[in-house]
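Architecture at a glance
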Amino acid sequence: MIMEQVVEILLVEDNPRDAELALIALSQHHIANKVVHVRDGAEALEFLFCTGRFANRQPGHNPKVVLLDLKLPKVDGLEVLREIKANARTKVVPVVVMTSSQEQRDLVDSYQLGVNSYIVKPVDFDKFSAAVLELGCYWLLLNQLPQPPEEGTGPV
């Protein structure tokens, strides 16, 4: 039996430059062995809930952290966050909003929906790289997650 490789980070980012910078920072520092990058909110939900092009993915193999932009095509980041935190299987997955939005409304809405952290993306590459490195170190190496619920055992 072939075991599915565990996804450590789900990067939900539509801006190709920001996605590339995040992926470079993670790989340069050898933080994550397995990063999946999706480009819109609909694709993120398909990945997390094993539908669409990710229908063959095993439910329960959640990422260790979701790095989520808010301003996404198809389904916006707040709706993605709402759906993650509303589902018993995914609600314990840490979600870090990484966005260029400094709007107070986005910040408040994100925390009311259960975001674990809200980071405004630095414009400078070195600062952006350092922020991604710190996020990766904390969420992948230091943070402890509960075991996912077994199928059919009810909500967490």
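Computed from a predicted model, the values in this text were never measured in an experiment.

Details of the packing of aromatic side chains
Each aromatic ring pair is described using two quantities: the centre-to-centre distance and the angle formed by the ring planes. Tallying each qualifying case throughout the model produces one aromatic pair. Both rings, one in F47 and one in F54, keep their centres 5.1 Å apart while their planes meet at 85 degrees; by these two values the pair is edge-to-face. The pair formed by F47 and F54 is uniform in burial state, with each residue classed as buried. Sitting above the plane of the F47 ring, R57 keeps its charged end 3.9 Å from the centroid.

Regarding the sheet that holds strand β4 (residues 95-99)
With parallel pairing, the five strands of this open sheet are ordered in space as β2-β1-β3-β4-β5. Each of the sheet's edge strands pairs with one partner strand only, and the pair in question is β2 (35-38) and β5 (117-120). Averaged over all neighbouring strand pairs, the angle between strand axes comes to 20 degrees, with direction disregarded. Bridge count for β4 against β5 is four bridges, and the pairing is parallel. Bridging across to β5, V96 finds its partner in S117. Against the sheet, helix α2 (residues 41-48) engages β1 (9-12), β2 and β3 (65-68), with an angle of about 160 degrees to β1. Each of β1, β3, β4 and β5 is contacted by helix α5 (residues 125-142), which is oriented at about 175 degrees to β4, the strand it contacts most.

Topic: the confidence of the model for the protein chain
Mean pLDDT for the protein chain: 85, with 89% of residues reaching 70 or above. Averaged over each element, pLDDT in the protein chain is lowest for α5 (80) and highest for helix α3 (residues 77-86) (97).

Here's the deal with the packing of helix α1 (residues 16-28) against α5
Remark: α1 packs on α5, axes separated minimally by 9 Å, with the N-to-C direction vectors making an angle of 60 degrees. Judged by the inter-axis angle, α1 sits oblique to α5. Here α1 runs over α5; the crossing is right-handed. When α1 is examined against α5, the residues D18, L21, A22, A25 and L26 are found in contact with a partner set consisting of F125, F128, S129 and V132. Of the residues assigned to the contact of α1 with α5, the class counts are seven nonpolar, one polar and one charged.

Reading the values: the criteria
All residue numbers refer to position in the chain's written sequence, counted from 1. Totals for whole chains, interfaces and linings use all residues, but because this is a predicted model, local features are given only for residues with pLDDT of at least 70 and pairs of side-chain atoms are given and counted only at 80 or more. By convention in this description, side-chain values take in all heavy atoms of the structure and omit both hydrogens and water. We call Phe, Tyr and Trp rings a pair once their centres come within 6.5 Å, taking the six-membered ring for Trp, and we label the pair stacked below 30 degrees between planes, edge-to-face above 60, and tilted otherwise. Residue burial is assigned from relative accessible area. The probe radius is 1.4 Å, only protein chains are included, and a residue is buried under 20% of its type maximum, exposed over 50%, and partly exposed in between. A ring is scored as having a charge over it whenever the NZ atom of a lysine or the CZ atom of an arginine sits within 6 Å of its centre and within 35 degrees of its normal. In this description, strands pair whenever DSSP reports at least two bridges between them. Secondary structure follows DSSP: runs of H or I at least 4 residues long count as helices, runs of E at least 2 residues long count as strands, and numbering of each begins at the N terminus. Note on method: axes are straight lines fitted to C-alpha atoms, helices fitted across the in-contact stretch only, with angles between N-to-C directions ranging 0 to 180 degrees. Residue contacts are defined here by distance: any two heavy atoms, one from each residue, within 4.5 Å place the two residues in contact. A residue's pLDDT is the predictor's confidence in that residue, given on a scale from 0 to 100. Oblique is the label for every angle not falling under 35 degrees (roughly parallel), over 145 degrees (roughly antiparallel), or within 65 to 115 degrees (roughly perpendicular). Left-handed describes a crossing whose near helix is turned anticlockwise from the far helix by less than a right angle; the clockwise case is right-handed. Gly falls in the polar group here, along with every residue not listed as nonpolar (Ala, Val, Leu, Ile, Met, Phe, Trp, Tyr, Cys, Pro) or charged (Asp, Glu, Lys, Arg).

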